[in-house]
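# Observations on chain architecture
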Amino acid sequence: MPRLVLLRHGQSRWNLENRFTGWVDVDLTDKGEAEGRRAGELLAQADFRPAVMFTSVLTRAKRTGALALQSAGLNDVPVVADWRLNERHYGGLTGLNKAETAEKHGEDQVKVWRRSYDVPPPPLAPGGEFDFATDDRYAGQDIPATESLKTTLERVVPYWDAEIAPRLRAGEDVLIAAHGNSLRAIVKHLFDVPNDRIVEVEIPTGNPLEIDLDTELKPVAARYLDAERATPLPEIAA
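In short, a report on the structure. (Residues numbered from 1 in each chain as written. Predicted model: local features only at pLDDT ≥ 70, side-chain atom pairs only at ≥ 80, totals over all residues. Heavy atoms only, no water.)

### What about helix 7 (residues 180–191)?
Here helix 7 spans 16 Å end to end across twelve residues, near enough to the 16 Å set by a 1.5 Å rise per residue. In terms of residue burial, helix 7 counts as a mostly covered element, since eleven of its twelve residues are buried. Residues G180, N181, S182, L183, R184, A185, I186, V187, K188, L190 and F191 constitute the buried set of helix 7. Within two residues after helix 7, D192 carries a phi angle of roughly 55°, on the positive side. (Helix = DSSP H or I, 4+ residues; strand = E, 2+ residues; numbered from the N terminus. Expected span 1.5 Å × (residues − 1). Buried < 20%, exposed > 50% of the residue type's maximum accessible area, 1.4 Å probe, protein only.)

### Notes on the environment of D161
With respect to the secondary-structure elements, D161 resides in helix 6 (residues 149–169). A residue is classified by how much of its surface remains accessible, and D161, at 43% relative accessible area, is partly exposed. When residues no more than four places from it in sequence are discounted, the contact partners of D161 are P166 and H189. (Contact = heavy atoms within 4.5 Å.)

### Quick notes on the pairing of strand 2 (residues 52–55)
On any regular strand, side chains alternate: one points to one face of the sheet, the next to the other face. Alternating positions in strand 2 separate into two faces, V52 and F54 on one and M53 and T55 on the other, with burial throughout. Pairing geometry for strand 2 and strand 4 (residues 174–178), over four bridges, is parallel. Bridge pairing links V52 to V174 in strand 4. In this region the chain leaves strand 2, passes through helix 3 (residues 59–71) and returns to the parallel neighbour strand 3 (residues 79–81); the handedness of that crossover is right-handed. (Pairing = 2+ DSSP bridges. Right-handed = clockwise from strand over helix to strand, strands pointing away.)

### Digging into the nonpolar core
Counting residues in each nonpolar core, the largest one holds 33 residues, and the members touching the most others are L4, L6, W160, I176 and I186. Elements supplying a minimum of two residues to this core: strand 1 (3–8), strand 2, helix 6, strand 4, helix 7 and strand 5 (209–213). Sort the elements by how many residues they give to this core and helix 6 lands first, with nine residues. Discounting residues that sit within four places of it in the chain, L4 has contacts with W160, L168, V174, I176, L190, L209, E210, I211 and L213. Core analysis: the second largest hydrophobic core is formed by 16 residues, V5, L42, L43 and V77 among them. (Core = buried A, V, L, I, M, F, W, Y, C linked by side-chain atoms within 4.5 Å.)

### Side note on the packing of helix 2 (residues 30–45) against helix 3
Between helix 2 and helix 3, the least distance of the axes is 7 Å, while the angle of their chain directions is 45°. Here helix 3 runs oblique to helix 2, going by the angle between their axes. Crossing handedness for the pair helix 2 and helix 3: right-handed. Taking contact as the criterion, the partners of E33, G36, R37, A39, G40, E41 and L43 in helix 2 are, on helix 3, R63, T64, L67, A68 and S71. Of the residues belonging to the contact of helix 2 with helix 3, the class tally is four nonpolar, four polar and four charged. (Axes fitted to C-alpha atoms, helices over the stretch in contact; angles between N-to-C directions. Parallel < 35°, antiparallel > 145°, perpendicular 65-115°, else oblique. Left-handed = near helix turned anticlockwise from the far one by under 90°. Nonpolar A, V, L, I, M, F, W, Y, C, P; charged D, E, K, R; others polar.)

### Some words on the packing of aromatic side chains
Counted under the stated rule, the structure contains seven aromatic pairs. Ring centres of W83 and Y138 lie 6.3 Å apart, and the angle between their planes is 85°; this geometry places the pair in the edge-to-face category. Of this pair, W83 sits in the loop between strand 3 and helix 4 (98–105) while Y138 sits in the loop between helix 5 (107–115) and helix 6, and the two are 55 residues apart along the sequence. Accessibility expressed as a relative area gives 11% for W83, which makes it buried. When its relative accessible area of 2% is taken as the criterion, Y138 is described as buried. Put simply, the rings of W23, W83, F132 and Y138 pair up and form one aromatic cluster. Here R19 stacks its cationic end above the ring of W14, 3.7 Å away from the centre of that ring. (Phe/Tyr/Trp six-rings, centres within 6.5 Å; stacked < 30°, edge-to-face > 60°. Lys NZ or Arg CZ within 6 Å of the ring centre and 35° of its normal.)

Pasting the structure below:
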């Protein structure tokens with residue numbers, strides 16, 4: 001029975017500043033680094049030794065995963081980074097302060113952009129400070145200008161099917177160090193969470209979510225390794 005652990009990155013500098021981050025490559029705060037190391041301690045306590053770690057191309061996820069592996073004494077685990085595990089692209093909201101954006105556009109509108117399943121923020125204008133079209137990490141890729149959770153899922157799930165699921169079907173344990181929305185997309189896919197309920201699923205930073213899967217990659221058990229910081233999980237089908 002393969003074991004999957006989902007690890008949301010620790011606190012980033014823009015998390016601390018309450019800014020929409022998305023694809024902007026910001027680093028961890030001291031607290032975020034501590035969360036990564038604590039995650040590794042929890043992995044060691046759970047005797048979780050992944051065959052591979054998948055992560056995004058963004059520093060905050062890669063460093064959280066690396067700190068966790070180091071803290072768990074798992075320095076030999078191979079790492080695969082891919083942009084399709086990136087955080088949701090926040091479009092024209094990228095870089096803006098969340099509170100100031102709510103004052104400008106109204107809390108109800110910002111809530112729709114942040115929490116609806118299929119309504120994306122306005123697209124990011126080309127040529128600006130946060131235009132990712134010239135970033136070598138996305139060379140040759142048809143990258144979005146904005147995303148909803150729905151369109152985030154539409155890039156995450158094919159990557160899951162092509163690259164991650166085969167490793168699990170081979171009986172390997174897998175660690176994924178990524179972001180709130182890319183991990184929420186995986187949770188929606190695995191647990192078959194309805195569209196109107198997935199927005200209620202909140203994955204805490206730096207708290208490994210261990211999911212036991214059957215041979216069909218359906219969850220049979222799930223738990224946060226730090227029970228004191230756990231949030232409600234979707235129901236597992238009987």
